[in-house]
Amino acid sequence: MGIRLGPNRYGKAESRVVRIVRDTERHEIRDLTVSTSLHGDFTAAHTDGDQSHVLPTDTQKNTAFAFAKKHGVASPEDYAIALGSRLLEATPYATGAEVVVDEHAWDRIEVDGAGHDHAFVRRGGEVRTARVEVERDGVHVTSGVKDLVLLKSTGSEFKGFLRDDYTTLDDADDRILATALRATWRHSRADGVDWNASYAAVRALVLSTFATTYSRALQETLYATGRAVLEAHEGIAEISFVAPNKHHFLVDLAPFGLDNPGEVFIAADRPYGLIEATVTREEEDRWP
Ligand SMILES: O=c1[nH]c(=O)c2[nH]c(=O)[nH]c2[nH]1
């Protein structure tokens with residue numbers, strides 16, 4: 001039986017790229033973690049130790065930094081398209097380049113009611129993400145957010161579920177719903193998109209749908225959110241969610257002579273439910 005090399009790719013992971021725009025007194029900061037990879041005909045590097053097709057990961061890293069200066073970072077998506085295009089152009093044997101960007105947001109420090117020109121405080125929690133695939137025949141962009149920690153203290157139930165001999169869970173009429181959401185949405189085109197405005201609009205819709213939709217399960221909340229995004233944004237083909245159900249269990253305070261009508265909870269660390277769903281358009285074929 002023969003043995004052959006299967007799918008492979010290579011690149012530099014998690015370059016920490018910080019770009020300051022300092023053309024005026026009022027500086028701007030874009031703080032990125034950038035991962036690049038190339039795929040294509042790199043068989044000889046694996047089978048014969050022949051590096052002649054291989055653009056080093058060190059060069060990929062250098063290009064990531066050089067493009068932060070040369071092209072700039074108007075948005076993670078725009079930067080990733082430029083970087084991926086350059087890597088593909090520089091590597092004749094690659095069929096595609098993938099660039100994955102996490103953006104860590106900074107806010108201006110407020111001093112005397114105004115945002116300071118060059119002092120910033122890191123915004124906690126959520127990370128904006130972009131994944132760009134530059135192929136010889138086109139560019140595919142997926143935007144997203146991760147670690148978006150959300151909680152609603154009512155307006156959520158979970159009941160009527162399948163029960164068997166091992167089921168101990170009671171129906172919950174009124175529970176805390178909390179998650180650290182990961183959402184990724186695939187754009188149907190890569191040109192003429194205002195990436196920053198699109199991101200802000202989708203993020204706002206995710207938050208407002210979470211807040212205003214009565215939840216009979218996290219599954220229902222995810223589907224409602226996906227529907228809302230696809231209905232409002234015709235340029236988005238598909239949206240996927242990964243949502244840990246961050247359980248908050250009511251603490252039994254009866255031993256201390258106290259009642260607990262939904263006021264004191266233990267926030268469980270693990271295990272957690274993990275709910276995943278993709279919402280897509282009916283006419284949409286799965287993207288390979
Ligand atoms: O929103 C929920 N979905 C579930 O599938 C599930 N399962 C569970 O035990 N709790 C919950 N909550």
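Reading guide: rules and limits
- Residues numbered from 1 in each chain as written.
- Predicted model: local features only at pLDDT ≥ 70, side-chain atom pairs only at ≥ 80, totals over all residues.
- Heavy atoms only, no water.
- Patch = residues over 30% accessible without salt bridge, like charges linked within 9 Å, V, L, I, M, F, W, Y side chains within 5 Å.
- Areas by Shrake-Rupley, 256 points an atom, 1.4 Å probe, with all protein chains shown as cover.
- Salt bridge = Lys/Arg side-chain N within 4 Å of Asp/Glu carboxyl O.
- Helix = DSSP H or I, 4+ residues; strand = E, 2+ residues; numbered from the N terminus.
- Pairing = 2+ DSSP bridges.
- Axes fitted to C-alpha atoms, helices over the stretch in contact; angles between N-to-C directions.
- Contact = heavy atoms within 4.5 Å.
- Near = heavy atom within 4 Å.
- Polar contact = N/O pair within 3.5 Å; in protein donor to acceptor, adjacent residues only side chain to side chain.
- Nonpolar A, V, L, I, M, F, W, Y, C, P; charged D, E, K, R; others polar.
- Domains from an automatic or database assignment.
- Buried area = accessible area lost by both parts, 1.4 Å probe.
- Core = buried A, V, L, I, M, F, W, Y, C linked by side-chain atoms within 4.5 Å.
- Buried < 20%, exposed > 50% of the residue type's maximum accessible area, 1.4 Å probe, protein only.

Points about a nonpolar patch on the surface
- There is a patch of nonpolar side chains on the surface, built from I109, V111 and V121 and spanning about 210 Å² of accessible area.
- Positionally, I109 belongs in strand β3 (residues 94–111).

Some details on the sheet that holds strand β7 (residues 236–245)
- If you trace the 8 strands from one edge of the open sheet to the other, you get β1-β2-β3-β4-β5-β6-β7-β10, paired in antiparallel fashion. Both outer strands of the open sheet, β1 (10–21) and β10 (273–280), are each paired with one neighbouring strand and no more. Neighbour to neighbour, the strand axes of the sheet diverge by 20 degrees on average, direction disregarded.
- Of the pairings in the sheet, the one linking strand β5 (residues 138–152) to strand β6 (residues 177–187) comprises 9 bridges and is antiparallel in character. Pairing of K152 across the sheet is with L177, part of β6.
- Relative to the sheet, helix α2 (residues 57–70) contacts β1 and β2 (28–40), its axis offset from that of β1 by approximately 20 degrees.
- This element, helix α4 (residues 195–212), spans β2, β4 (114–135), β5, β6 and β7 of the sheet and lies at about 35 degrees to β5.

So, the site of the ligand
- Around the ligand, the neighbouring residues are F158, L169, R175, A217, L218, Q219 and N245.
- In this structure, an oxygen atom belonging to the ligand sits 2.8 Å away from a side-chain N or O atom of R175.
- With the chains in place, 72% of the 300 Å² that the ligand exposes on its own is no longer accessible.
- Of the residues contributing to the shell around the ligand, the split by class is 4 nonpolar, 2 polar and 1 charged.

Observations regarding the domain arrangement of the chain
- Taken domain by domain, the chain comprises domain 1 (9–136) and domain 2 (143–288).
- A C-alpha centroid distance of 29 Å is found between domain 1 and domain 2.
- Contact residues are listed per partner, giving 16 residues for domain 1 and 13 residues for domain 2.
- Together domain 1 and domain 2 conceal approximately 1100 Å² of surface at their shared face, both sides included; 46% is due to carbon and sulfur atoms.
- By the criterion of area lost to domain 2, the three top residues of domain 1 are E126, R128 and T129, representing 47% of everything that side buries.
- Between E126 and R203 there is a salt bridge, and its shortest N-O distance comes to 2.5 Å.
- Joining domain 1 to domain 2, the criterion identifies 10 residue pairs in polar contact (both at pLDDT 80 or more).
- Contributions of two or more residues to the side of domain 1 that touches domain 2 are made by α3 (76–90) and β4.
- The leading source of residues in the side of domain 1 that touches domain 2 is β4, at 8 residues.
- Split by residue class, the side of domain 1 that touches domain 2 holds 5 nonpolar, 3 polar and 8 charged.

Description of the nonpolar core
- Counting residues in hydrophobic clusters, the biggest one holds 27 residues, and the most contacted among them are L32, V34, L38, Y79, L83 and V101.
- Listing elements by their share of this core, those giving two or more residues are β1, β2, α2, α3, β3 and β4.
- Considering each element in turn, this core owes the most residues, 7 residues, to α3.
- Those residues in contact with L38 that sit more than four places away from it in its chain are R9, Y10, L55, Q60, L87, T91, A94, G96 and A97.

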